[in-house]
Amino acid sequence: MLWVVVALVLVALVFDYINGFHDAANSIATVVSTRVLSPGKAVIWAAFFNFVAAFTFGTAVARTVGTGMIDIHVVTFAVIFGGLVGAIVWDLITWYFGLPTSSSHALIGGYAGAAVAKAGFAAIVPGGWTKTIVFILVSPLFGMVMGLLLMTSIMWIFRWMPPSRVNGWFRRLQLLSAAFFSLNHGANDAQKTMGIIAGVLFAAGYIQTFYIPFWVVIAAHAAIGLGTLAGGWRIIHTMGSKITKLQPVGGFAAETGAAFALLTATQFGVPVSTTHTITGAIVGVGATRRLSAVRWGVAGQIVWAWVLTIPAAFSIGAGTYLLLRFGGAE
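Here the structure is a predicted model, which means the values were calculated and not measured.

## A word on the overall build of the chain
So, point 1. Helices and strands together make up the secondary structure of the chain, namely 12 helices and 0 strands.
So, point 2. Written out in order from the N terminus, the α and β elements of the chain read α-α-α-α-α-α-α-α-α-α-α-α.
So, point 3. Burial status across the chain gives 58% buried among its 330 residues.
So, point 4. For the chain, the share of sequence-separated contacts (at least 6 apart) that also reach a separation of at least 24 residues comes to 88%.
So, point 5. Approximately 13300 Å² of the chain is accessible, and the part contributed by carbon and sulfur atoms is 74%.

Quick look at the structure:
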């Protein structure tokens, strides 16, 4: 039992590492594309604030993932493993093609697929899924509106100043906006892994009531920080230059707008996609120049990848669980 628990915790932390690796683009794409920081310095900056988030936010999102989406009494080691494999495989596929999809939705999709394969759709907790599905639509729109409003406000406030001078100021301010976004990225995304690890401990009987031990908080934030430090450069290129061309002032508006959207979701315990949120904010900033400044073909490819994430991870998670079950591991 102990070795199975240790193995599952390690697999969960591997997912968390891949999450940071896959979603590093969310934290640093804008600050790299505007050349405020070099790629090496940017990942160090983002990874530091991913880890610091462990000491600044609660565990509401972790509780939602752990008990608010899947009936905790259905959860077994095979269900958890199936869910993690579904998320990891889909993340690696989309990383290979440079598509900024949601690691969060891959995790909940894989987890749900494995649980449904075990106990049918009765394993699903409707309330948690309602919030998540709503925010799949709301988070990119919220990010887009925030990015659009912030960029419009900045353009109006500094309308009489030379663009070179404005960008000079915002090169410095973008360091703060990148830190703010990375803090909220770590806060929301690391909590999903915490919820899974706590589920492992609960299923094994190591905790009698569902809660998040502090060592789990530290381990999850360390793993996502190390993943960000590795950086997923294929996706960074897509996020930073293929959607629209950004200047430091635009990077500041996109990061700040997306960070406020993530902060709101984290406070309500909703496991949202940092990828969806920052992509929406970047589109909003690009649209302030003109609609043609956004490469809508690239945006369309990203949206299709988003649509496929939960069904694809669900299928992989369910398939992995069934293989374990028929192989006698369940």
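Still more ground to cover, so stick around.
## Some details on the packing of aromatic side chains
The geometry of two aromatic rings is summed up by the distance between their centres and the angle between their planes.
So, point 1. Within the structure shown, the criterion is met by 9 aromatic pairs.
So, point 2. On the basis of an interplanar angle of 90° and a centroid distance of 5.8 Å, the ring pair of F158 and F170 is categorised as edge-to-face. Note that F158 is positioned in the loop between α6 (126-157) and α7 (163-204) and F170 in helix α7, a separation of 12 residues in sequence.
So, point 3. Classification of F158 as partly exposed rests on a relative accessible area of 21%.
So, point 4. Owing to a relative accessible area of 4%, F170 belongs among the buried residues under this scheme.
So, point 5. Directly above the ring of W156 sits R159, whose terminal nitrogen or CZ lies 4.3 Å from the centroid.

## Digging into the packing of helix α5 (residues 103-119) against α7
So, point 1. As a packed pair, α5 and α7 sit with axes 10 Å apart at the nearest point and diverge in direction by 20°. Comparing the axis directions of α5 and α7 gives the class roughly parallel. Here α5 and α7 pass one another in a crossing that is left-handed. Of α7, the residues touching α5 (which contributes S104, L107 and Y111) are D189, K192 and I196.
So, point 2. Tallied by class, the residues present in the contact of α5 with α7 amount to 3 nonpolar, 1 polar and 2 charged.

## Some remarks on the environment of I196
So, point 1. Tracing the chain through its elements places I196 in helix α7.
So, point 2. For I196, a relative accessible area of 4% gives the class buried.
So, point 3. Taking the C-alpha atoms as reference, I196 lies 9.9 Å from I212; in sequence the two are 16 residues apart.

## Considering the side chain of T309
So, point 1. Among the structural elements, T309 can be located in helix α12 (residues 296-326).
So, point 2. Accessibility expressed as a relative area gives 1% for T309, which makes it buried.
So, point 3. In terms of polar contacts, T309 uses its side chain to reach the side chain of W90, at 3.1 Å.
So, point 4. Those residues in contact with T309 that lie beyond four places of it in its chain are W90, T101, S102, H105 and A106.

## Re the pattern of salt bridges
So, point 1. A full pass over the atoms with the stated rule returns 1 salt bridge.
So, point 2. Linking K192 and D189 is a salt bridge whose minimum nitrogen-to-oxygen distance equals 2.7 Å. Residue K192 and its partner D189 are located together in helix α7, separated by 3 residues, close to a single helical turn.
So, point 3. Take D189: its relative accessible area is 0%, and that puts it in the buried class.

## Quick look at helix α8 (residues 214-230)
So, point 1. Its 17 residues give α8 an end-to-end C-alpha distance of 25 Å, which sits within 8% of 24 Å, the value for a rise of 1.5 Å per residue.
So, point 2. Regarding α8, the residues found buried are V216, V217, A220, H221, A223, I224, G225, G227 and T228.

## Some remarks on helix α2 (residues 39-52)
So, point 1. For α2, spanning 14 residues, the distance from its first C-alpha to its last is 20 Å, which sits close to the expected 20 Å at 1.5 Å a residue.
So, point 2. What α2 keeps buried is the set A42, V43, A46, A47, F49 and N50.

## Here we look at the nonpolar core
So, point 1. Counting residues in hydrophobic clusters, the biggest one holds 54 residues, and the most contacted among them are I70, I80, W129, M194, I196 and I212.
So, point 2. Residue assignment for this core shows that the elements contributing at least two residues are α1 (2-33), α3 (60-67), α4 (77-96), α5, α7, α8 and α12.
So, point 3. Setting aside its immediate chain neighbours within four residues, I80 contacts L8, V75, Y111, I196, G199 and V200.
So, point 4. F170, V249, A253 and V270 belong to the second largest nonpolar core, which has 19 residues in total.

Reading guide: rules and limits
- By convention here, each chain's residues receive numbers from 1 onward along its written sequence.
- At least 70 in pLDDT is required for a residue's local features to be given in this predicted model, at least 80 for side-chain atom pairs to be given and counted, and no such filter applies to totals for whole chains, interfaces and linings, which use all residues.
- With hydrogens and water set aside, each side-chain value is computed from the structure's full complement of heavy atoms.
- To qualify as a helix, a DSSP run of H or I must reach at least 4 residues; to qualify as a strand, a run of E must reach at least 2; elements of each kind are numbered from the N terminus.
- Exposure is judged per residue with a 1.4 Å probe applied to protein chains only, and the accessible area is read against the type maximum: over 50% gives exposed, under 20% gives buried, and values in between give partly exposed.
- We call two residues contacting when some pair of their heavy atoms lies within 4.5 Å.
- All accessibility values rest on the Shrake-Rupley procedure with a 1.4 Å probe; residue burial counts only the protein chains present in the view.
- Two aromatic rings, drawn from Phe, Tyr or Trp (for Trp, its six-membered ring), form a pair once their centres lie within 6.5 Å of each other, and the interplanar angle then sorts them: stacked below 30 degrees, edge-to-face above 60, tilted otherwise.
- The criterion is that NZ of a Lys, or CZ of an Arg, lies within 6 Å of the ring centre and within 35 degrees of the ring normal, and then a charge sits over that ring.
- A fitted line through C-alpha atoms represents every axis, and for helices the fit uses only the stretch in contact; the resulting angles, taken between N-to-C directions, go from 0 to 180 degrees.
- Angles below 35 degrees are treated as roughly parallel, those above 145 as roughly antiparallel, those between 65 and 115 as roughly perpendicular, and all remaining angles as oblique.
- It is the rotation of the near helix from the far one that decides the hand of a crossing: anticlockwise by less than a right angle makes it left-handed, clockwise makes it right-handed.
- Note on residue classes: Ala, Val, Leu, Ile, Met, Phe, Trp, Tyr, Cys and Pro are nonpolar, Asp, Glu, Lys and Arg are charged, and everything else, Gly too, is polar.
- Two N or O atoms form a polar contact when they lie within 3.5 Å of each other; inside protein one atom must be a possible hydrogen donor and the other a possible acceptor, and for residues adjacent in sequence the pair counts only when both atoms belong to side chains.
- When a carboxyl oxygen of Asp or Glu is within 4 Å of a side-chain nitrogen of Lys or Arg, the pair counts as a salt bridge.
- Every helix has an expected span of 1.5 Å times one less than the residues it contains.
- Take the buried residues of types Ala, Val, Leu, Ile, Met, Phe, Trp, Tyr and Cys, join any two whose side-chain atoms come within 4.5 Å, and each joined set is a nonpolar core.

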